[in-house]
Protein chains: 2
Amino acid sequence: MKQDFKPLLAKVEHAYHIIGKKWVNLIIHVLMEGPKRFSELHAIIPDLSKRMLNERLKELEECGLLNRVVIPDRPVKTEYSLTEKGQELGAALCHVEVWAMKWL
Amino acid sequence: MKQDFKPLLAKVEHAYHIIGKKWVNLIIHVLMEGPKRFSELHAIIPDLSKRMLNERLKELEECGLLNRVVIPDRPVKTEYSLTEKGQELGAALCHVEVWAMKWL
């Protein structure tokens, strides 16, 4: 019985390339509660610098996991929310979080 | 609303330190089907060198995710199986695999 694991392995590695980065899991975890503005995200995760938060949000947007909406108020606001792809990743990651909280 | 994410973040990062390593996810995936001998694991994942397989199995055993049983046959055989901790991680990782296969 030799199943071709190459497709699974390549995709899983791609997934971990995204979610393995520091803060990504936590940003997705927070956005699972609903859309947040940049300032709100930064307030909720104070240890995460604005520069790093910006970088991670940009990466997650490029991966199609986040929507970014600019609200033309004064001052201008930017709101982030999970796409369907992002929501489903958040749901999957929740299982890993539960495991980690139980076993580590 | 500021929740202390430090415990969650530390544990989740620890989890990704384990599962982010190449081949770990696949080894656990294969062992979710049941105990396997070293030779069987190597046959199922041919791209994984014996040296690397050995290294990963040792790490997973040290993390408490694997049981290792030596069978005193001639020649001696070594059988690996997931502990309860390992089984639950495998179940959690399955959700990430399903997401990856669907979205990546």
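Residues numbered from 1 in each chain as written. Chains lettered and ligands numbered in written order. Predicted model: local features only at pLDDT ≥ 70, side-chain atom pairs only at ≥ 80, totals over all residues. Heavy atoms only, no water.

### Remarks on the side chain of Lys85(A)
- Within the secondary structure layout, Lys85(A) lies in helix H5 (residues 84–103).
- Among buried charged residues, Lys85(A) stands out as having no salt bridge; its nearest opposite-charge side chain is Glu88(A), 10 Å away.
- The residues contacting Lys85(A), other than those within four sequence positions of it, are Cys63(A), Gly64(A), Leu65(A), Trp99(B), Trp103(B) and Leu104(B). (Helix = DSSP H or I, 4+ residues; strand = E, 2+ residues; numbered from the N terminus. Buried < 20%, exposed > 50% of the residue type's maximum accessible area, 1.4 Å probe, protein only. Lys, Arg positive; Asp, Glu negative; His and termini not counted. Salt bridge = Lys/Arg side-chain N within 4 Å of Asp/Glu carboxyl O. Contact = heavy atoms within 4.5 Å.)

### Side note on helix H1 (residues 6–19) of chain B
- For H1(B), with 14 residues, the first-to-last C-alpha span of 20 Å sits near the 20 Å given by 1.5 Å per residue.
- Against helix H1 (6–19), helix H2 (24–31) and H5 of chain A together with helix H2 (24–31), helix H4 (50–62) and helix H5 (84–103) of chain B lie the buried residues of H1(B). (Expected span 1.5 Å × (residues − 1).)

### Overview of the UniProt feature "domain: HTH hxlR-type" (unreviewed entry) in chain A
- According to UniProt, the positions carrying the feature "domain: HTH hxlR-type" (unreviewed entry) are residues 6–104 of chain A.
- Summarising residues 6–104 of chain A: 63% helix, 14% strand, and an end-to-end C-alpha distance of 30 Å. (UniProt positions renumbered as here; feature names shortened; annotations may be inferred.)

### Describing the relation of the copies chain B and chain A
- If you rotate chain B by 180° and push it 0.0 Å along the axis, it lands on chain A with an RMSD of 0.0 Å. Here the copies are linked by what is in effect a two-fold axis. Proximity to the rotation axis, assessed at the C-alpha, singles out Gly20(B) in chain B; its C-alpha lies 3.1 Å from the axis. (Least-squares fit on C-alpha atoms with pLDDT ≥ 70 in both.)

### Some remarks on the interface of chain B and chain A
- Between chain B and chain A, the residue contacts involve 43 residues of the former and 43 residues of the latter.
- A buried area of about 4300 Å², summed over both sides, lies between chain B and chain A, and 73% of it is on carbon and sulfur atoms.
- When the buried area of chain B at its contact with chain A is split by residue, Tyr16(B), Trp99(B) and Leu104(B) rank highest and sum to 16% of it.
- Counting across the interface, chain B meets chain A through 4 salt bridges.
- With a closest N to O distance of 2.9 Å, Lys102(A) and Glu88(B) form a salt bridge.
- Where chain B touches chain A, the interface holds 11 residue pairs in polar contact (both at pLDDT 80 or more).
- At the level of elements, H1, H2, helix H3 (38–44) and H5 of chain B are the ones that each hand at least two residues to the side of chain B that touches chain A.
- The greatest single-element share of the side of chain B that touches chain A, amounting to 14 residues, is contributed by H5(B).
- Partitioning the side of chain B that touches chain A into residue classes produces 26 nonpolar, 5 polar and 12 charged. (Buried area = accessible area lost by both parts, 1.4 Å probe. Polar contact = N/O pair within 3.5 Å; in protein donor to acceptor, adjacent residues only side chain to side chain. Nonpolar A, V, L, I, M, F, W, Y, C, P; charged D, E, K, R; others polar.)

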